[in-house]
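Fold and geometry: a report
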Amino acid sequence: MGSRQESEESVSSEAVSGKGTWKHAAFHVATTIATPAAYAPLPFALASLGWPLGVSCLVSATLATWYSSVLIASLWKWNGEKHLTYRHLAHSIFGFWGYWSIAFFQQVASLGNNIAIQIAAGSSLKAVYKHYHENGSLTLQHFIIFFGIFELFLSQLPDIHSLRWVNALCTFSTIGFAGTTIGVIIYNGKKIDRTSVSYSLQGSSASKTFKAFNALGTIAFSFGDAMLPEIQNTVREPAKKNMYKSISAAYTVIVLTYWQLAFSGYWAFGSQVQPYILTSLSIPEWTVVMANLFAAIQISGCFQIYCRPTYAYFEERMVSKSNKSTSHFPLRNRLARLIFTSIYMVLVTLVAAAMPFFGDFVSICGAIGFTPLDFVFPALAYLKAGRTASNFKLGLLMRPLNILIATWFSIVAILGCIGAVRFIVEDIKNYKFFHDM
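Every value quoted in this text rests on a predicted model; they were computed, and no experiment measured them.

1. Considering the pattern of salt bridges
Counted according to the given criterion, the structure contains 1 salt bridge. One salt bridge in this structure joins Glu 237 and Lys 77, with 3.5 Å as the shortest N-O distance. Taken together, the residues Glu 237 in the loop between α11 (228-232) and α12 (239-269) and Lys 77 in the loop between α5 (51-74) and α6 (86-94) connect sequence positions 160 residues apart. Judged by its relative accessible area of 51%, Glu 237 falls in the exposed class.

2. Some points on the UniProt feature "transmembrane region" (unreviewed entry) in the protein
According to UniProt, the feature "transmembrane region" (unreviewed entry) maps to residues 51-76, 138-154, 166-189, 249-269, 289-314, 335-355, 361-383 and 403-425 in the numbering used here. For residues 51-76, helix accounts for 92% and strand for 0%, while the C-alpha atoms at its two ends are 38 Å apart. As annotated, residues 289-314 comprises 100% helix and 0% strand, and the C-alpha atoms at either end are separated by 38 Å.

3. A few points about the side chain of Ser 74
Turning to its location among the elements, Ser 74 is positioned in helix α5. Among the residues examined, Ser 74 registers a relative accessible area of 8% and is labelled buried. Separated by 2.6 Å, the side chain of Ser 74 and the backbone oxygen of Leu 71 make a polar contact.

4. A few points about the nonpolar core
Tyr 39, Ile 219, Phe 223, Met 243, Tyr 258 and Phe 303 are the most contacted members of the largest nonpolar core, which totals 104 residues. Counting residues per element, this core draws most heavily on α12, at 11 residues. Residues in contact with Phe 223, not counting those within four places in the same chain, are Ile 33, Leu 58, Ala 61, Thr 62, Thr 65, Tyr 251, Ile 254, Tyr 258 and Asp 374.

5. Considering the packing of aromatic side chains
For the structure shown, the criterion picks out 18 aromatic pairs. Centroid distance Phe 27 to Phe 172: 6.2 Å. Interplanar angle 55°. Geometry classified as tilted. Pair noted here: Phe 27 is in helix α2 (residues 22-33) and Phe 172 is in helix α9 (residues 164-191), with a separation of 145 residues, a long-range link. Through a chain of ring-to-ring contacts, the aromatic side chains of Trp 51, Tyr 199, Phe 263 and Tyr 266 assemble into a single cluster.

6. Topic: the side chain of Ser 246
Note on placement: Ser 246 falls in helix α12. Not counting residues within four places of it along the chain, the set of residues in contact with Ser 246 comprises Trp 22, Ala 25 and Ala 26.

7. Overview of a nonpolar patch on the surface
On the surface, Phe 96, Trp 97, Trp 100, Tyr 313 and Phe 314 cluster together into a nonpolar patch covering about 570 Å² of accessible area. By residue number, the principal contributor to the nonpolar patch is helix α7 (residues 96-132), which donates 3 residues. Secondary-structure assignment places Phe 314 in helix α13 (residues 285-322).

8. Focus: the packing of α7 against helix α8 (residues 140-154)
In contact at an axis separation of 8 Å, α7 and α8 are set at 115° when each is read in the N-to-C sense. The handedness of the crossing between α7 and α8 comes out as right-handed. Note on element contacts: α8 touches α7 through Leu 140, Phe 143, Ile 144, Phe 147 and Gly 148, opposite Ile 117, Gln 118, Ile 119, Ala 121, Gly 122, Ser 123, Leu 125, Lys 126 and Tyr 129.

9. What to know about the packing of helix α4 (residues 42-49) against α12
Between α4 and α12, the shortest axis-to-axis distance is 8 Å and the interhelical angle comes to 55°. When the axis of α4 is compared with that of α12, the two are oblique. The hand of the α4/α12 crossing is right-handed. On α12, the residues that touch Leu 42, Pro 43, Leu 46 and Ala 47 of α4 are Tyr 258, Leu 261, Ala 262, Phe 263, Gly 265 and Tyr 266. The residue inventory of the contact of α4 with α12, partitioned by class, reads 9 nonpolar, 1 polar and no charged.

10. A look at the environment of Ser 69
With respect to the helices and strands, the residue Ser 69 is situated in helix α5. With 159 residues separating them in the primary sequence, Ser 69 and Leu 228 have C-alpha atoms 7.4 Å apart. With residues up to four places along the chain from it excluded, the contact list for Ser 69 reads Leu 228, Ile 247 and Tyr 251.

11. Things to note about unusual backbone geometry
Residues other than glycine predominantly adopt negative phi, and peptide bonds predominantly adopt the trans conformation. In this chain, Glu 237 is followed by Pro 238 through a cis amide linkage whose omega measures 0°. Even without being glycine, Lys 77 reaches a positive phi, approximately 55°.

12. As for the confidence of the model for the protein
Summary statistics for the protein give a mean pLDDT of 81 and a share of 89% for residues scoring 70 or more. Element-level pLDDT for the protein is lowest in helix α1 (residues 3-14), with a mean of 40, against a maximum mean of 91 in α8. Below pLDDT 50 for its whole length, residues 1-16 participates in 22 contacts with residues either more than four positions away or in separate chains.

13. Quick notes on the environment of Gln 107
For Gln 107, the location among the structural elements is in helix α7. The sequence separation of Gln 107 and Cys 307 amounts to 200 residues, and the corresponding C-alpha distance is 8.7 Å.

14. Topic: α12
With 31 residues, α12 should reach 45 Å at 1.5 Å per residue; the first-to-last C-alpha distance of 44 Å fits that figure. The sharpest bend along α12 measures roughly 25° and falls at Ile 254. In the stretch just after α12, Gly 270 is the one whose phi turns positive, near 60°.

Thresholds, definitions, all that
- Residues numbered from 1 in each chain as written.
- Predicted model: local features only at pLDDT ≥ 70, side-chain atom pairs only at ≥ 80, totals over all residues.
- Heavy atoms only, no water.
- Salt bridge = Lys/Arg side-chain N within 4 Å of Asp/Glu carboxyl O.
- Helix = DSSP H or I, 4+ residues; strand = E, 2+ residues; numbered from the N terminus.
- Buried < 20%, exposed > 50% of the residue type's maximum accessible area, 1.4 Å probe, protein only.
- UniProt positions renumbered as here; feature names shortened; annotations may be inferred.
- Polar contact = N/O pair within 3.5 Å; in protein donor to acceptor, adjacent residues only side chain to side chain.
- Core = buried A, V, L, I, M, F, W, Y, C linked by side-chain atoms within 4.5 Å.
- Contact = heavy atoms within 4.5 Å.
- Phe/Tyr/Trp six-rings, centres within 6.5 Å; stacked < 30°, edge-to-face > 60°.
- Patch = residues over 30% accessible without salt bridge, like charges linked within 9 Å, V, L, I, M, F, W, Y side chains within 5 Å.
- Areas by Shrake-Rupley, 256 points an atom, 1.4 Å probe, with all protein chains shown as cover.
- Axes fitted to C-alpha atoms, helices over the stretch in contact; angles between N-to-C directions.
- Left-handed = near helix turned anticlockwise from the far one by under 90°.
- Parallel < 35°, antiparallel > 145°, perpendicular 65-115°, else oblique.
- Nonpolar A, V, L, I, M, F, W, Y, C, P; charged D, E, K, R; others polar.
- pLDDT = per-residue confidence, 0-100.
- Expected span 1.5 Å × (residues − 1).
- Bend = angle between axes of the 7 residues up to and from the residue.

Right, here's the structure in full:
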């Protein structure tokens, strides 16, 4: 990366940095992680692992991602320079290959996440539509397109900080979704004949193994946050302290929602729970409708956070070509932004509509995109940067812990990818493209 390009990126990004409070950052972090598209598949993941292994994986993943997020936040200005994006932080620590590796993983994470979000949003909107028009002719694909048009409108907002009030609404929708869904799950669970609910793992030995691999990718996806440095760039000083507070606040929301929804969903439906928990719910209908509306609202903000790395890449190329600040060409840049955001939305919407296999995209996105970004890279970056805890004993403990996390989650990424690819191949065999799920 040339020095001129890096300085231009700093100029364009500096104008929107350092304005937000820790509460604003908490909204951003909670919106990117605690989304219905992320934790709605958790009961299904537990059903693929069973109670002991499922609970252990969920709890350990929560602790590991909180720890990894704190590590990333602690690398803010680690060498005295301000790193505005995840890619530039990686470049400062690992050089050329660090930059392009993180760029690749971010694109996989953001594209895979937004495809899954499109499918989840379309499913929720269709469920609301079917409640009022049981024999209506609109399909899942129609609602995926409607959602895509709305996201194209939001994509014209300039940066993450401009989404702070959208994400505040999304955070409250997260709490509303979780509270409503957990209540409906328990209500449905009590109406079911409990003797008919089985918690045994289903299928052949090979099938159980691939389901377990797939579940690991799903859990990794559920804690995905590929945007921490970008979010930290919006926080006012002291940025580290404010980011620590925002991460802890966001993870409080996560623990209060993820765990309860995952455990209650698996308890209620056992091994028959669906990949998207809302499709397992039926009564009372008005509460199911409300949960789906909360889901659609929350998902709209999460989508915006994850499309920003792609938008930023195109904007950087545009700035590099003009060799001038984007503010000198407001009309030209707005038109350019409209064009490339439109292209992005068309591609994501097309894939989501053609292959609406929600659970499969969740797993492969978690395995290939989020696992390296959220587990492996933070541990390796902290070690490579030569950072040590001020407490000597804590420093001795952190080094083997970081090595263990990086090694184990590298294995999880491989296994999750194997499981996800296997299920995508099976779904393509069983369903036609543009299938109305």
